[in-house]
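Tertiary structure, described
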Number of protein chains: 2
Amino acid sequence: MASLMFTDCSSSTTSRLIHLNRRNGTFLLRQCVGQLRFQTTASGRGCIRSSSSPISAISADTKSEGAAIVIDGKAVAKKIRDEISIEVSRMKESIGVVPGLAVILVGDRKDSATYVRNKKKACDSVGIKSFEVCLAEDSSEEEVLKSVSGFNDDPSVHGILVQLPLPSHMDEQNILNAVRIEKDVDGFHPLNIGRLAMRGREPLFVPCTPKGCIELLHRYNIGIKGKRAVVIGRSNIVGMPAALLLQREDATVTIIHSRTKNPEEITREADIIISAVGQANMVKGSWIKPGAVIIDVGINPVEDSSAARGYRLVGDICYEEACKVASAITPVPGGVGPMTIAMLLSNTLTSAKRIHNFQ
Amino acid sequence: MASLMFTDCSSSTTSRLIHLNRRNGTFLLRQCVGQLRFQTTASGRGCIRSSSSPISAISADTKSEGAAIVIDGKAVAKKIRDEISIEVSRMKESIGVVPGLAVILVGDRKDSATYVRNKKKACDSVGIKSFEVCLAEDSSEEEVLKSVSGFNDDPSVHGILVQLPLPSHMDEQNILNAVRIEKDVDGFHPLNIGRLAMRGREPLFVPCTPKGCIELLHRYNIGIKGKRAVVIGRSNIVGMPAALLLQREDATVTIIHSRTKNPEEITREADIIISAVGQANMVKGSWIKPGAVIIDVGINPVEDSSAARGYRLVGDICYEEACKVASAITPVPGGVGPMTIAMLLSNTLTSAKRIHNFQ
C-alpha cells in the first residue's frame with residue numbers, strides 16, 4: 001500500500017500543491033488540506049447531504065437504506081473555527097493573551113509558501129496571531145535551530161510548526177526535535193504518542209488529522225465505545241494515532257496494513273472504518289458492512305479529462321459504492337481535509353490556555 | 001475484565017507474594033514472576049513437552065492434531081541467561097565494564113524484600129552487578145528521589161528499578177519519572193512507548209513481559225508477519241506494548257478488552273493469541289482456531305484443596321482445552337513468567353552496551 005500521502009498529513013505539511021507523478025503510472029499527492037480549494041462535484045453524488053447543522057445522531061448499528069448521510073467536514077470545521085474564535089476573544093478579554101502560532105519556512109518552494117500563507121489566513125480568521133520566519137534555501141541547520149529556539153523562548157508563541165519538507169542538507173528529525181514539546185502543536189513527538197497509547201496518561205497534543213476524524217464522529221453523535229473499528233493504514237501521523245484514539249474511546253480496533261492478508265474480510269467486520277492509505281477507491285462497497293460509518297482520510301487525484309485540471313480528487317473508499325451501504329460517510333474533498341487545519345487552530349488554542357492556565 | 005494483575009507485571013513489581021483476596025469472591029494476584037518457585041503439575045497435562053532445545057519450527061497455519069507443543073519458557077529463559085552471561089563476560093574482558101542494576105526498596109514489605117533478593121540472585125547468576133538501597137517505610141519522597149538521583153549519576157549503574165508499591169504517602173509517578181530514561185530498564189516511560197508505537201523509531205527499552213512474549217515466538221521460529229494476532233487485555237505494561245510489538249513485526253493486530261462485545265468470535269480469528277487479562281481459564285478451547293499459537297501471560301491462583309498451599313496457578317487460557325486445539329502454547333507456570341526477569345537482565349545488558357558504545 002502506498003503510504004506517501006500519510007507523510008504529508010501533518011499540519012506542517014498541509015496545503016501543498018498536488019504533484020502528479022506519472023512516472024510510475026500513479027499520482028503522488030503532496031498535499032492534504034489544500035482540497036478545501038478544490039470544490040469538485042465528486043462528493044455527495046447519490047447520497048443525502050446532511051443538514052446545515054452537522055449534529056445528527058447516527059448509529060453504526062442502523063442498517064443503511066441505500067443512502068448514507070454525508071458527514072460534512074467543511075461545515076463541522078467551520079463550526080469549530082467559530083467556537084475557537086469565541087474562545088480566543090474570551091481569552092483576550094479575560095487575561096489579555098492572544099494565542100500565537102509560528103511557522104518556519106525554509107527555501108523558496110512555491111507550494112510551501114502558498115500554504116504557509118493559508119495557515120496565516122486560517123489563524124487570522126479566528127484571531128490567532130501568526131508569526132512567520134522565512135529562511136533562504138541555503139540557510140544552515142544552525143540558523144533554523146536558532147529560529148526554533150527563538151520561538152521556543154517567545155512567550156507570545158504557543159505553537160510552532162516547521163514547514164516540511166526542509167532542504168535536503170538539513171536533518172529534519174534534529175530540527176523537529178528542537179521544538180519544545182509544550183509548543184509542538186503537530187503532536188508527533190514520541191512523548192505525545194506514548195501518552196496517547198497509555199491508559200491514564202494524557203498527551204499534550206493529539207495529531208491534527210486523526211483528531212479531526214474522531215471529532216467528526218463526536219460531532220455526529222456516532223458511538224465509538226464497544227464498536228468494532230478498522231483503521232486502514234498505520235502511518236505515524238494518521239493510521240497509528242487514529243487507532244490509539246479509537247482505543248481510548250473503547251472501540252475494539254484492528255489496524256490493516258500492507259502485510260494484512262485479508263483486508264476485505266476484516267474491513268467487513270467494522271462498524272467504523274477510518275481509511276488513510278492513499279490508494280484511490282481501494283475500499284469497494286463489498287468491503288463494507290451495511291450501516292458502517294466511514295471516515296475517509298485519503299485524497300487521491302485520478303485522471304479526469306472532463307475536469308479543468310485534468311484530474312479530480314477521490315478518497316481511499318469507492319464513494320459511489322460505499323454510500324449505498326454505509327450509514328454515514330465523509331466525502332472527498334470536504335470531509336476530513338477541512339478538519340486538519342481546524343484541529344491545528346484548536347491545538348494552538350489549547351496550548352495557549354495551558355501555558356496561561358486559562359480555563 | 002480484571003486488570004489488577006497487569007499492574008504487577010513490571011519487572012519492578014515482579015516476584016511478590018501472592019495475596020488471596022476472598023472478599024469479592026475472587027483472587028487477586030500480586031505477583032508475576034515468582035511462579036518460578038511454584039512448580040505445580042498443572043502445566044503440560046495431556047500435552048507434549050517440547051524437547052530440551054526450545055528451538056523448533058512451528059507454524060500457526062499447521063493444524064494441531066490434538067496436542068500442542070508446549071513452549072518452554074523456563075528453558076528459553078535459561079538459554080537467554082546463559083547468553084547474557086557470555087556477553088557480560090565478553091564486555092568485562094574487552095572494556096572492563098560490568099553491567100549494573102540498581103534496585104530501590106522502600107519500606108519493610110516482606111514480599112518486596114524477598115523479590116528484590118531474587119533479582120539480586122538473577123543478576124549474580126549472569127554476572128551483572130546489583131546495587132540496592134533500602135529505605136525505611138517513613139522515608140520522605142525527597143530521600144527516595146535522592147537515591148534515584150544518585151543512581152542516575154552513578155556510571156556503574158546501567159539500569160534502575162524502584163520496587164513497587166511505594167508507601168502511600170509518596171507520589172509514585174513523580175519518583176518513577178525521576179529515573180533517567182537511559183536507565184529505565186522497565187521501558188514504561190511514555191517516550192519509550194511512543195517510540196515503540198512509531199514506525200522508524202526505536203525505543204531505548206522494550207517492557208520486559210511483552211518482550212518476553214515475542215522472544216518466545218522468535219525462539220520457537222513462529223512466524224508473525226502477516227498473521228492475525230489478538231491481544232487480550234490492554235494494560236500499559238503488557239497488552240498495549242505487546243500489541244505494538246506484534247504490529248512492528250507486521251502482524252494484523254486486534255486488541256480485545258473489557259468493552260469488546262464478542263471476544264470469543266474475534267479471538268477465534270487469531271493465528272497468535274497473547275492473553276494478559278488476569279482471569280483464570282477465561283479463554284476456552286472453543287475460542288481458539290485450530291493450530292493457533294497461544295502465549296498466556298495470566299497467572300491466576302485458583303482454589304485447590306489437594307495442593308499444599310490450598311491453591312494452584314492457572315493462566316487466562318483454559319489449558320486443558322486449549323492444548324488440544326492450539327499448535328503451541330505456553331504453560332502456567334513455566335511459560336512467560338521466567339522470561340520477564342530474563343528480559344530485565346537483557347535490558348540491563350543492552351543499557352550497559354549502549355552507554356559504553358560496546359557492540
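According to UniProt, the comment filed for chain A under the heading Pathway (unreviewed entry) is "One-carbon metabolism; tetrahydrofolate interconversion." UniProt annotates chain A under Subunit (unreviewed entry) with the comment "Homodimer."

Another point: helix α5 (residues 190-197) of chain A. The buried fraction of α5 of chain A is high, at seven of eight residues. Those residues of α5 of chain A not exposed but buried are P190, L191, N192, I193, G194, L196 and A197 of chain A. On the buried face of α5 of chain A, the contacting elements are α7 (239-248) of chain A together with α5 (190-197) and α7 (239-248) of chain B.

A few words on the sheet that holds strand β4 (residues 129-135) of chain B. All names here are of chain B. Across the sheet, which stays open at both edges, the three strands sit in the order β4-β3-β5 with parallel pairing between neighbours. The sheet is open, and its two borders are formed by β4 and β5 (159-162), each paired with just one other strand. Ignoring strand direction, the axes of neighbouring strands in this sheet form an average angle of 15°. Note: strand β3 (residues 100-106) against β5, four bridges, orientation parallel. For L101, the partnering residue across the bridge sits in β5 and is G159.

Once that is clear, we can look at the confidence of the model for chain A. Residues and elements named next belong to chain A. On average, chain A scores 86 in pLDDT, and the residues at 70 or more come to 82%. A low-confidence stretch, residues 14-46 (pLDDT under 50), is modelled with 105 contacts involving residues beyond four sequence positions or located in other chains. Contacts of residues 60-64 to residues separated by more than four positions or lying in other chains number 16 contacts, the stretch itself having pLDDT below 50.

Quick look at the side chain of N192 of chain B now. All names here are of chain B. On the secondary structure map, N192 appears in helix α5. Classification of N192 by relative accessible area gives buried; the value is 1%. Here L204 takes part through its backbone nitrogen, which lies 2.7 Å from a polar atom of the side chain of N192. Each residue touching N192, except ones within four places of it in the same chain, is listed here: I181, D184, G187, P203, L204 and F205.

As a further point, take the pattern of salt bridges. All names here are of chain A. All told, the structure shown has 32 salt bridges over all chains when counted by the stated rule. Between K78 and D82 there is a salt bridge; the shortest N-O distance is 2.9 Å. You can see K78 and its partner D82 sitting in helix α1 (residues 73-95), four residues apart, about one turn around the helix. In this structure, the salt-bridge partner of R268 is E264, at a minimum N-O distance of 3.2 Å. Taking relative accessible area as the criterion, R268 reaches 36% and is therefore assigned partly exposed.

Analysis parameters
- Residues numbered from 1 in each chain as written.
- Chains lettered and ligands numbered in written order.
- Predicted model: local features only at pLDDT ≥ 70, side-chain atom pairs only at ≥ 80, totals over all residues.
- Heavy atoms only, no water.
- UniProt positions renumbered as here; feature names shortened; annotations may be inferred.
- Buried < 20%, exposed > 50% of the residue type's maximum accessible area, 1.4 Å probe, protein only.
- Helix = DSSP H or I, 4+ residues; strand = E, 2+ residues; numbered from the N terminus.
- Contact = heavy atoms within 4.5 Å.
- Pairing = 2+ DSSP bridges.
- Axes fitted to C-alpha atoms, helices over the stretch in contact; angles between N-to-C directions.
- pLDDT = per-residue confidence, 0-100.
- Polar contact = N/O pair within 3.5 Å; in protein donor to acceptor, adjacent residues only side chain to side chain.
- Salt bridge = Lys/Arg side-chain N within 4 Å of Asp/Glu carboxyl O.

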